[in-house]
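The lines below spell out each chain.
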Amino acid sequence: MPENKKDYKKYLVTSALPYANGPLHFGHLTGVYIPADIYTRHRRLQGKNIIHISGSDEHGVAIMLAAEKQGMDYRPYVDQWHSNHKELFKKFDIDFDFFGRTSADYHAEEVVKWFKTLHDKKYIGVKSEKQQYCKKDQKYLPDRYVEGTCYLCGHSPARGDECPNCGEWLDAIKLKNPVCKICGGSDITIEEVEHYYLLLTKFEKKFRDWFATKKKSWRTLVTGFVDGLLEKEIIDRAISRNLDWGIDVPLAEAKGKKLYVWFDAPIGYVSNTKEYLKQSGKKEDYIKDWWKADDVEISHFIGKDNIIFHAYIWPCMSLGTEFINQPTEIPANQFLNLQGKQFSKSSGWYVDAEAALAQFGADSLRFYLCSIIPEGGDASFTWEGFASSYEEFGNKVGNFIHRTLSFFLKYWPEGLDANAFKDLEKRPEFETLKTGFKNIPNALDHFQFTKAQADLILFSQGANEFFHHSEPWKQIKTSKDDAAKTIALSIFYIACLNALLKPFTPTLAEKLSEYFKGYLTEKDFASLYQGDFTVLTKAFQNGYKAPLEPKVLLPRLDPKALDPWKEALLQKK
Ligand SMILES: [Zn+2]
Ligand SMILES: [Zn+2]
């Protein structure tokens, strides 16, 4: 077991800001949003003061190009994706305390504060660079606005930043036969322009000293990546571009220049926290009470493509401004593939998350996706995997609950009396229950999501085995009292499962808690989750009568239901 973590007073969870430029797929949900949601629900059950912040990332050239292609203005274009993402999160039971957006005024205000401070402290400097200029449009062209022939492999057209054929990163200036993507013309000149740079070279010592304190506890995926960066030469990074969409560089001499999207996006965590506190009428200060408070754990949930920004550049930006504390944890994940190949919307290699949800429901998908969170290496979504996860969930969790409640209602329609629950806490099986239970919150404390869920299955398997070995169907014939005790302890197990399922499958947990109406309150479930098992003995000290007939919590999955989904992928192969 990993060493115990410091107990923080407050927890600040951020999920990578989804880019408002296309649908989210299972890779995004599994790598970032599902673990962040599980962690938040877990800490909340522990009674911790926690907030989960995210929002749309709405600037950048990729958004501009996509909007232009659809003949849309930037604003309605990002509006559409902002709503789409919010809606999808809601359907998957992924909750945020605040889901803001980087195109909002409150965000620009915060970004300006960061830029000016870094600029005043000489962490931002001006450098001159060469850039293409379209004479017809009278515009400077960012690399993605230029296409031409790849100077490495001769492929045409190659994008200004990357060649689709040889896969190399390109320098747009060197492209042969460059064409402007706005007007299609080729009246392009190369001009000398000045741009603002974040002077990462000035942070080297500060950053290394801070990073050294994280090396032991962070995932090796993150520390290995940063180590790799530090071995190479540190380079300053441009933070301004000549664009029409984005946040203005807040200096009189920088007319027409916007901040690069990667500079403004992470500040979104901070600006969204500020806006959250304001809108919810809380008296707290976003900096003093959250971002720069030493009793707050700051965790950034991200995918591995975002490590460079969150584990390196963002900490440099905050070391520079000294506005906020550095991240405490960065539980970054590897990639989730689809049957071994990267999800790709453009080539049709993806699963429509919304349609899948409409058919299979949030619980079964969350359960499967949590089991394949790519914590240690890349993982793969497969429909076969989904089917077997569904079956396991049904067999080990659903069946146990259904079996116990059916047996109970058959023989005790009038309810179990107080006697059945008496002294159950003195039985050795009760100790086993307690030990098994604690493994789950303990693993979640350490961001071990797949382990926590596997432990939950083990816990339920233990409940099944207890039921099976006790043979209540035989006990009922010899001693109805013994059978009653078996069922009473099984009801303890179901109550525990109810508490444990809350972070993983919130909808199912809510349905299950119908059976405990009048016995266990939300507060009781939280106490139980925190390890106070006397809640159980107290709840049932006068006996238990089920408030409703056992309903099927997890309907069986018809294997044929997966055929069209598998078929759709086969055609893409
Ligand atoms: Zn090439
Ligand atoms: Zn042009």
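Heads up: the structure comes first, above all this text.
What this report covers is the structure whose coordinates are included nearby. (Residues numbered from 1 in each chain as written. Chains lettered and ligands numbered in written order. Predicted model: local features only at pLDDT ≥ 70, side-chain atom pairs only at ≥ 80, totals over all residues. Heavy atoms only, no water.)

A look at the coordination of the zinc ion (ligand 1)
Now for step 1: Only C150 (SG), C153 (SG), C163 (SG) and C166 (SG) from the protein reach the zinc ion (ligand 1) as donors, at distances of 2.3 Å.
Now for step 2: Coordination at the zinc ion (ligand 1) is tetrahedral: its four donor atoms span angles of 103 to 117 degrees at the metal.
Now for step 3: Given a relative accessible area of 34%, C153 falls into the partly exposed group. (Donors = N, O, S within 2.8 Å, 3.2 Å for Na, K, Ca; no water. Tetrahedral: all angles 85-135°; square planar, octahedral: opposite > 155°, others 65-115°. Buried < 20%, exposed > 50% of the residue type's maximum accessible area, 1.4 Å probe, protein only.)

Some words on the pattern of salt bridges
Now for step 1: In total, this model carries 36 salt bridges according to the counting rule given.
Now for step 2: A salt bridge links E284 to K10; its shortest N-O distance comes to 3.4 Å. You can see E284 sitting in the loop between α8 (267–279) and α9 (286–291) and its partner K10 sitting in strand β1 (residues 10–15), a full 274 residues away along the chain.
Now for step 3: Residue K10 is classed as buried on the basis of its relative accessible area, which comes to 13%.
Now for step 4: The partner of R101 in a salt bridge is E58, with the nearest N and O atoms 2.9 Å apart. (Salt bridge = Lys/Arg side-chain N within 4 Å of Asp/Glu carboxyl O. Helix = DSSP H or I, 4+ residues; strand = E, 2+ residues; numbered from the N terminus.)

Some remarks on the sheet that holds strand β2 (residues 49–56)
Now for step 1: Strand order in this open sheet of four strands is β3-β2-β1-β13, and the pairing throughout is parallel. At either end of the open sheet lies a strand with only one pairing partner, and these are β3 (98–101) and β13 (296–301). Pairwise comparison of adjacent strand axes, ignoring direction, gives a mean angle of 20 degrees for this sheet.
Now for step 2: Here β1 pairs with β2 via five bridges, running parallel. By the bridge assignment, T14 is partnered in β2 with I53.
Now for step 3: Where helix α1 (residues 26–45) meets the sheet, its contacts fall on β1, β2 and β13, and the angle it forms with β2 comes to roughly 155 degrees. (Pairing = 2+ DSSP bridges. Axes fitted to C-alpha atoms, helices over the stretch in contact; angles between N-to-C directions. Contact = heavy atoms within 4.5 Å.)

Some words on the packing of aromatic side chains
Now for step 1: This structure, assessed with the given rule, holds 61 aromatic pairs.
Now for step 2: When the ring of Y39 is compared with that of F301, the centres are 5.8 Å apart and the planes differ by 45 degrees; the resulting orientation is tilted. Here Y39 is found in helix α1, whereas its partner F301 is found in strand β13, with 262 residues between them in sequence.
Now for step 3: You can call Y39 buried: its relative accessible area is 0%.
Now for step 4: When the ring centre of W290 is taken as reference, the NZ or CZ atom of K10 above it lies at 4.9 Å.
Now for step 5: In this arrangement the basic side chain of K341 is found over the ring face of W349, its NZ or CZ atom lying 4.2 Å from the centre. (Phe/Tyr/Trp six-rings, centres within 6.5 Å; stacked < 30°, edge-to-face > 60°. Lys NZ or Arg CZ within 6 Å of the ring centre and 35° of its normal.)

With respect to the environment of L175
Now for step 1: Positionally, L175 belongs in the loop between β7 (158–159) and β8 (176–180).
Now for step 2: Sequence-wise, L175 and L152 are 23 residues apart; in three dimensions their C-alpha atoms are separated by 9.1 Å.
Now for step 3: When residues no more than four places from it in sequence are discounted, the contact partners of L175 are V146, E147, G148, T149, C150, Y151, A158, R159, G160 and L170.

Focus on the coordination of the zinc ion (ligand 2)
Now for step 1: The protein atoms donating to the zinc ion (ligand 2) are C134 (SG), D137 (OD), C180 (SG) and C183 (SG), with metal-donor distances spanning 1.9 to 2.3 Å.
Now for step 2: Note that the zinc ion (ligand 2) binds four donor atoms; their angles at the metal cover 101 to 118 degrees, and the shape is tetrahedral.
Now for step 3: Sequence positions of the residues that donate to the zinc ion (ligand 2) give the spacing C-x2-D-x42-C-x2-C.
Now for step 4: Assessed through its relative accessible area of 1%, C134 is described here as buried.

Observations concerning the sheet that holds strand β5 (residues 139–141)
In a beta sheet, neighbouring strands pair by backbone hydrogen bonds and run either parallel or antiparallel.
Now for step 1: With antiparallel pairing, four strands are arranged side by side in an open sheet as β5-β4-β9-β10. Strands with a single pairing partner mark the edges of an open sheet, and in this sheet they are β5 and β10 (237–238).
Now for step 2: Here three bridges tie strand β4 (residues 124–134) to β5, and the two strands are oriented antiparallel to one another. Across the sheet, Q132 pairs through a bridge with L141, a residue of β5.

A short note on the packing of α1 against helix α14 (residues 428–445)
Now for step 1: Relative to each other, α1 and α14 sit at 120 degrees, their axes nearing to 10 Å. Classified by the angle their axes make, α1 and α14 are oblique. The handedness of the crossing between α1 and α14 comes out as left-handed. Of the residues in α14, those touching α1 at I38, Y39, H42 and R43 are P441, L444 and D445. (Parallel < 35°, antiparallel > 145°, perpendicular 65-115°, else oblique. Left-handed = near helix turned anticlockwise from the far one by under 90°.)

Examining helix α19 (residues 522–529)
Now for step 1: Regarding α19, the residues found buried are F525, A526, L528 and Y529. Projected down its long axis, α19 carries its buried residues within an arc of 160 degrees, all on one side.
Now for step 2: Looking at the buried side of α19, the elements it contacts are α1, α14, α17 (480–504) and α20 (534–539).
Now for step 3: Phi for G531, located one or two positions after α19, is positive at around 100 degrees. (Arc of directions from axis to C-beta.)

Brief notes about the pairing of strand β9 (residues 188–198)
Now for step 1: Relative to β9, β4 runs antiparallel, the two sharing 11 bridges. Following the sheet pairing, G125 is matched in β9 by Y197.
Now for step 2: Two strands pair when backbone bridges link them, and β9 and β10 are joined in this way by two bridges, in the antiparallel orientation. Paired with Y197 across the bridge in β10 is A238.

Quick word on unusual backbone geometry
Now for step 1: Along the chain, S156 connects to P157 via a cis peptide bond; the corresponding omega equals 0 degrees.
Now for step 2: Relative to the assigned elements, P157 resides in the loop between β6 (146–149) and β7.

Quick notes on the environment of G125
Now for step 1: Position of G125 relative to the elements: it lies in strand β4.
Now for step 2: According to the relative accessible area criterion, G125 is buried, its value standing at 15%.
Now for step 3: Considering only alpha carbons, one finds G125 and I239, 114 residues apart in sequence, at a separation of 9.8 Å.

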